[in-house]
Amino acid sequence: MQLVQTYQDFMSQYLSLRDEWGTAIDVGVILVITGVLDLSTRAFFAWLHRKVTSTHKLWDDALYRSLNGPLQALFWIAGLSIAIIVGTSPDHSWRDYLPKVRHVLITLTVLWFCFRLIGTIEKNALARAAQEHDKLDATTADAIAKLIRAATLIIVGLILLDQFGVSPSGLLAFSGVGGIAVGFAARDVLANIFGGATVYLNRPFSVGDWIRSPDRDIEGTVESIGWRATTVRRFDMRPLYVPNAVFSNVALENPSRMSHRLISETVGIRYEDAAVVPDIVEDIRSMLTDDENIDADQVILTYLDSLGASALNLLVYCYTRTTDWAEYLAVKQGVLQRVQDTIREHGAAIAFPTTEIQVPGQLVVARAAPEDESDEQDEIDSDKVDSEQKRAVAREQASARGSVGPDDAGES
């Protein structure tokens, strides 16, 4: 009885206020009720957050994170619609558009919820796979999410067109006729879209892979795969946007999927160390076979490969177990250092390019006199030839007489 009496008192006060304020009091009450529902929803989801985060299920967390905002939007759409209906007269001109606007808003809210649900499921699935070490590919998850979003967007678009009086069947019939013209006008765009679908289906590479093309100047790490283009981050950190249609016409290499890395080096040894080459080759082969970083199940080649111009060339050919670039360089450095140590242990040495010139024993190297000095020497010799001859004759005559006088013609 007391509850009924309280309700009757409240209604009497409400009706007296309604007589005084009119429909404004009804609009206010509706907005207050909508606000209370909004706050109650927020409090409920705050309580639900603690429950959801304590579990490890995929769908409850996705529903919780996706339903929060759209549910509050639906409350406000319903409350504002009721408030407008209550606060306006039935013969108002724009009241006829209210149902269409309400339906459009509700449809867009449902689309918002679907997009949030798809994104949350994708994110949670990838995080769960990373924690449990599952083989869920990020590229596959992204492709499935994009396909579901596209299908949802098409369905919502058809629903909106139907609400505005456009028949979906007529639109589909028109698309069959106009699709040919659109296909010719947008053939490049369609080629990129089909190229993206080919990448998603064949999966020649995934997000995070290192790819390169010998036909084009394309090399880097794949950052994202879109419907029109693929973003490749080059090693100089510049982004490269490659249309998806390109991947249908070029040869593509994916070094990220290699199983091993190759070490192929040529080491030159001096010709005077030819006698110890077989021992060096055998020791290097044993060293590579015993190395745990080298895959002994793969090909290991160590032979005298060729007789070079200035060295005996040894081939060192093997595969590392690791494919990481930094680890590969460390393994390769260790192999090359031990190859040098093996060569030195046998008293040999690594050769370097040299050129040897053999000079015959009878060859005499003479220095040519400068041009000025030779001319001057020729002039001096021509002036003194006669005097030298006269002196020689005079000396012979003096020696024959036993003395040489001061007035002798030979002395002059």
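Residues numbered from 1 in each chain as written. Predicted model: local features only at pLDDT ≥ 70, side-chain atom pairs only at ≥ 80, totals over all residues. Heavy atoms only, no water.

## A short note on the pattern of salt bridges
Next, step 1: According to the stated counting rule, one finds 15 salt bridges in the structure shown.
Next, step 2: Ionic pairing is found between Glu219 and Arg212, a salt bridge with its closest N-O pair at 4.0 Å.
Next, step 3: Given the relative accessible area of 29%, Glu219 is considered partly exposed.
Next, step 4: Relative accessible area serves as the criterion here: at 27%, Arg212 is assigned to the partly exposed category.
Next, step 5: One salt bridge connects Arg234 with Asp217, and the closest N-O pair in it is separated by 3.7 Å. Separated by 17 residues along the polypeptide, Arg234 in the loop between strand 3 (229–233) and strand 4 (239–243) and Asp217 in the loop between strand 1 (210–213) and strand 2 (218–225) bring together distant segments of the chain. (Salt bridge = Lys/Arg side-chain N within 4 Å of Asp/Glu carboxyl O. Buried < 20%, exposed > 50% of the residue type's maximum accessible area, 1.4 Å probe, protein only. Helix = DSSP H or I, 4+ residues; strand = E, 2+ residues; numbered from the N terminus.)

## Notes on the packing of aromatic side chains
Next, step 1: Throughout the structure, instances matching the rule amount to four aromatic pairs.
Next, step 2: Ring geometry for Tyr317 and Tyr319: centres 5.8 Å apart, planes at 90°, overall edge-to-face.
Next, step 3: Positioned over the ring face of Tyr303 is Arg285, at 4.9 Å from the centre of the ring. (Phe/Tyr/Trp six-rings, centres within 6.5 Å; stacked < 30°, edge-to-face > 60°. Lys NZ or Arg CZ within 6 Å of the ring centre and 35° of its normal.)

## Considering the packing of helix 8 (residues 277–290) against helix 9 (residues 325–345)
Next, step 1: Contact geometry of helix 8 with helix 9 gives a least axis separation of 10 Å together with a crossing angle of 145°. By crossing handedness, the relation of helix 8 to helix 9 is classed as right-handed. Of the residues in helix 9, those in contact with Ile280, Asp283, Ile284, Met287 and Leu288 of helix 8 are Val335, Arg338, Val339, Thr342 and Ile343.
Next, step 2: Of the residues that constitute the contact of helix 8 with helix 9, the class distribution is seven nonpolar, one polar and two charged. (Axes fitted to C-alpha atoms, helices over the stretch in contact; angles between N-to-C directions. Left-handed = near helix turned anticlockwise from the far one by under 90°. Contact = heavy atoms within 4.5 Å. Nonpolar A, V, L, I, M, F, W, Y, C, P; charged D, E, K, R; others polar.)

## Digging into the pairing of strand 4
Next, step 1: Bridge count for strand 3 against strand 4 is five bridges, and the pairing is antiparallel. Across the sheet, the residue bridging to Ala229 is Pro243, located in strand 4. (Pairing = 2+ DSSP bridges.)

## Observations concerning the sheet that holds strand 5 (residues 261–269)
Next, step 1: Pairing is antiparallel across the open sheet formed by three strands, whose spatial order is 5-7-6. Strands with a single pairing partner mark the edges of an open sheet, and in this sheet they are strand 5 and strand 6 (301–307). Neighbour-to-neighbour, the strand axes of this sheet turn through a mean angle of 25°, independent of strand direction.
Next, step 2: As judged from the six bridges shared by strand 6 and strand 7 (residues 312–320), these two strands associate in the antiparallel manner. Paired with Tyr303 across the strands is Leu315, a residue of strand 7.
Next, step 3: Where helix 8 meets the sheet, its contacts fall on strand 5, strand 6 and strand 7, and the angle it forms with strand 6 comes to roughly 145°.

## A look at the side chain of Thr107
Next, step 1: By the element assignment, Thr107 lies in helix 4 (residues 98–132).
Next, step 2: Looking at Thr107, its side chain comes within polar contact range of the main-chain oxygen of His103, at 2.7 Å.
Next, step 3: With residues near it in sequence (within four places) discarded, Thr107 still touches Val156, Ile159, Leu160 and Gln163. (Polar contact = N/O pair within 3.5 Å; in protein donor to acceptor, adjacent residues only side chain to side chain.)

## Some points on the nonpolar core
Next, step 1: If you look at the biggest cluster of nonpolar residues, it comprises 21 residues, and the most contacted ones within it are Ile280, Ile284, Leu288, Ile294, Val335, Val339 and Ile343.
Next, step 2: Those elements giving two or more residues to this core turn out to be strand 5, helix 8, strand 7 and helix 9.
Next, step 3: The biggest single contributor to this core is helix 8, with six residues.
Next, step 4: Of all hydrophobic cores here, the second largest spans 13 residues; its members include Ala143, Phe205, Val222 and Ile225. (Core = buried A, V, L, I, M, F, W, Y, C linked by side-chain atoms within 4.5 Å.)

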